[in-house]
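Next come the chains, spelled out residue by residue.
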Amino acid sequence: MIISASIICGAMEANEPRSTRFYAPGVIDADAWFRVAASDYLQLISACNFPRLLAGVNSLFDAGCGLGKFPSLLAPSLEDFSGSIDCDFLDPSAHCIDRFARSAPHPFAPRQGFATTIEAFTPQPGQSYDLVWALQSIYAWDRERLAASLAKLRMLAGERGGILVFQAARSAFYHRFYNAYRIAFSPRTPAYITAEEACDALGFDACQTRIFHVDHVIPAGDRALLEAYLRQLCFDTGITLKAIEECPATAALLDRHRGEGEYRLPQEVWLIGDGNILDALAG
Ligand SMILES: C[S@@+](CC[C@H](N)C(=O)[O-])C[C@H]1O[C@@H](n2cnc3c(N)ncnc32)[C@H](O)[C@@H]1O
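Residues numbered from 1 in each chain as written. Predicted model: local features only at pLDDT ≥ 70, side-chain atom pairs only at ≥ 80, totals over all residues. Heavy atoms only, no water.

### Things to note about the pattern of salt bridges
Within this structure, the stated rule accounts for 13 salt bridges. The partner of Arg 102 in a salt bridge is Asp 98, with the nearest N and O atoms 3.1 Å apart. Placement of the pair is Arg 102 and Asp 98 together in helix H6 (residues 94-103), with a separation of four residues, close to one helical turn. A salt bridge links Glu 227 to Arg 231; its shortest N-O distance comes to 3.6 Å. Separated by four residues within a single helix, Glu 227 and Arg 231 lie in helix H10 (residues 223-234), roughly one turn from each other. (Salt bridge = Lys/Arg side-chain N within 4 Å of Asp/Glu carboxyl O. Helix = DSSP H or I, 4+ residues; strand = E, 2+ residues; numbered from the N terminus.)

Written as structure tokens, this is what we have:
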């Protein structure tokens, strides 16, 4: 008799469906999330010369475009751009595809949206872009197919284009909290993909990394904000702050980062890319 492995071990619940269920109208509280987490993008924008990089970019592929927060925060520094950047964008969340198509700001010109996962996506022959980026978007990708998915980004960048990835590293609160959460509340869910794993799997010679440190700060008295932030971190609409505070592992992690009137949650985020892309950003 054949007994399925999922009956013996219990089926794993991949991160992507959890994420896609979360990135839906009426579920995600993007205002709460970005009140805390936009600081990653703001630091990236202030530390890098995106106008210089994008001056040479006519076409962009955004892998895991989300709600297009990064382009919207970047747009004010690109107001002087006379031309536009043709953008194709991919995301398994139909809500994200719809939002990006309707609201990407100048100079980003939305062209074709792909409502699918990177794993299910097949680049077409000749489909190539000056720049391919995946910004804070690799966490929920399938670990078993990570190298193949990143190879698709390389294929989309073609001979002349470049790749840029922005992703939290292993030591970030984001990963540490998710690991404590899933062990306690969702043991069949795998860990998120880290920057270290993405960098390894990219495996291309010219790979360079720049490391950013930023704190996510939440007033200790704003329990609704803390709960909304932690729910999104875990893609769990049902988890309560009370349950998190009653669980020793998650409570200890929060306590460790509670200071004078606020939580200060330290993130380490890597900017990973082709050498020429990071050189342009450094200018
Ligand atoms: C934090 S958001 C990305 C943010 C976005 N880059 C921005 O500019 O604000 C992560 C995105 O990755 C998407 N995602 C999750 N799993 C994915 C997969 N397997 N393939 C592609 N995208 C995925 C999610 O739907 C989500 O929109």
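### What to know about empty space enclosed by the protein
The full count for this structure, using the stated rule, is one cavity of 30 Å³ or more. Its volume calculated, the largest cavity comes out at about 670 Å³. Every residue lining the largest cavity is counted, 40 residues in all, and those nearest its centre are Tyr 23, Gly 64, Leu 135, Gln 136 and Ser 137. When residues of the lining of the largest cavity are traced back to their parent elements, those giving at least two are helix H2 (15-22), helix H3 (30-47), helix H5 (69-74), strand S4 (131-135) and strand S7 (262-273). Looking at the lining of the largest cavity, the element that brings in the most residues is H3, giving five residues. (1 Å grid on protein atoms, 1.4 Å probe; cavity = no way out; pocket = protein on both sides within 12 Å on 5 of 7 lines; lining within 4 Å. Points joined across faces, edges and corners; volume = space filled by probe spheres on them.)

### Let's talk about the site of the ligand
Among the 22 residues in the neighbourhood of the ligand, the closest are listed as Phe 70, Asp 91, Ile 118, Glu 119 and Leu 135. At 2.9 Å, a side-chain N or O of Glu 119 approaches a nitrogen atom of the ligand. The contact in question runs from a nitrogen atom of the ligand to an N or O atom on the backbone of Leu 135, over 2.8 Å. Within the complex, 94% of the 600 Å² of free accessible area of the ligand lies under protein. The cavity where the ligand resides is the largest cavity. (Near = heavy atom within 4 Å. Polar contact = N/O pair within 3.5 Å; in protein donor to acceptor, adjacent residues only side chain to side chain. Areas by Shrake-Rupley, 256 points an atom, 1.4 Å probe, with all protein chains shown as cover. Sits in = over half its atoms within 2 Å of the grid points.)

### Here we look at the confidence of the model for the protein chain
Taken residue by residue, the protein chain gives an average pLDDT of 94. The fraction at 70 or more is 95%. Every residue in residues 1-9 scores below 50 in pLDDT, and together they form four contacts with partners more than four places removed in sequence or on other chains. (pLDDT = per-residue confidence, 0-100. Contact = heavy atoms within 4.5 Å.)

### Section: the pairing of strand S2 (residues 85-90)
The element S2 is extensively covered by neighbouring structure, given that five of its six residues are classed as buried. Inspection of the sheet shows strand S1 (residues 59-63) paired to S2 by five bridges, in the parallel sense. Bridging from a neighbouring strand, Leu 60 pairs with Cys 87 of S2. With H6 bridging S2 and the parallel strand S3 (residues 108-114), this β-α-β connection has right-handed handedness. (Buried < 20%, exposed > 50% of the residue type's maximum accessible area, 1.4 Å probe, protein only. Pairing = 2+ DSSP bridges. Right-handed = clockwise from strand over helix to strand, strands pointing away.)

### Regarding the side chain of Glu 196
Tracing the chain through its elements places Glu 196 in helix H9 (residues 195-202). Buried charged residue Glu 196 carries no salt bridge. Nearest counter-charge: Arg 170, at 4.3 Å. Not counting the four nearest positions on each side in its chain, Glu 196 is found in contact with Ala 169, Arg 170 and Trp 270. (Lys, Arg positive; Asp, Glu negative; His and termini not counted.)

### Quick notes on the sheet that holds strand S6 (residues 208-219)
If you walk across this open sheet you meet the seven strands as S3-S2-S1-S4-S5-S7-S6, and the pairing is mixed. Sheet topology places S3 and S6 at the edges, where each strand pairs with a single neighbour. Ignoring strand direction, the axes of neighbouring strands in this sheet form an average angle of 20°. Strands S4, strand S5 (162-168), S6 and S7 of the sheet are contacted by H3, whose axis makes an angle of about 140° with S6. (Axes fitted to C-alpha atoms, helices over the stretch in contact; angles between N-to-C directions.)

### So, the nonpolar core
Counting residues in each nonpolar core, the largest one holds 73 residues, and the members touching the most others are Phe 50, Leu 54, Phe 108, Trp 133, Phe 177, Leu 230 and Leu 233. The element best represented in this core is H3, accounting for 10 residues. When neighbours within four sequence positions are excluded, Phe 108 is seen to be in contact with Leu 54, Leu 60, Pro 71, Leu 74, Leu 78, Ile 85, Cys 87 and Trp 133. Counting residues in each nonpolar core, the second largest holds 26 residues, with Phe 121, Ala 157, Ile 163 and Ala 169 among its members. (Core = buried A, V, L, I, M, F, W, Y, C linked by side-chain atoms within 4.5 Å.)

### Things to note about the packing of aromatic side chains
As enumerated under the stated definition, the model contains 24 aromatic pairs in all. A ring pair is formed by Phe 173 and Phe 177, whose centres lie 5.5 Å apart and whose planes are at 25°; its orientation type is stacked. Placement of the pair is Phe 173 and Phe 177 together in helix H8 (residues 173-185), with a separation of four residues, close to one helical turn. Residue Phe 173 shares its accessibility class with Phe 177, and that shared class is buried. Three or more aromatic residues link up through ring pairs in this structure, and these residues are Phe 22, Tyr 23, Trp 33, Tyr 139, Tyr 174, Tyr 178, Tyr 181, Phe 185, Tyr 192, Tyr 229 and Phe 235. (Phe/Tyr/Trp six-rings, centres within 6.5 Å; stacked < 30°, edge-to-face > 60°.)

### Brief notes about H9
An α-helix turns once per 3.6 residues; consequently, residues spaced three or four apart project the same way. For H9, the set of buried residues is Ala 195, Glu 196, Ala 198, Cys 199 and Leu 202. For H9, the angular spread of the buried residues around the axis is 165°, confining them to a single face. Contacts made by the buried residues of H9 are with helix H7 (146-157), S5, S6 and S7. Directly after H9, the chain includes Gly 203, whose backbone phi takes a positive value near 50°. (Arc of directions from axis to C-beta.)

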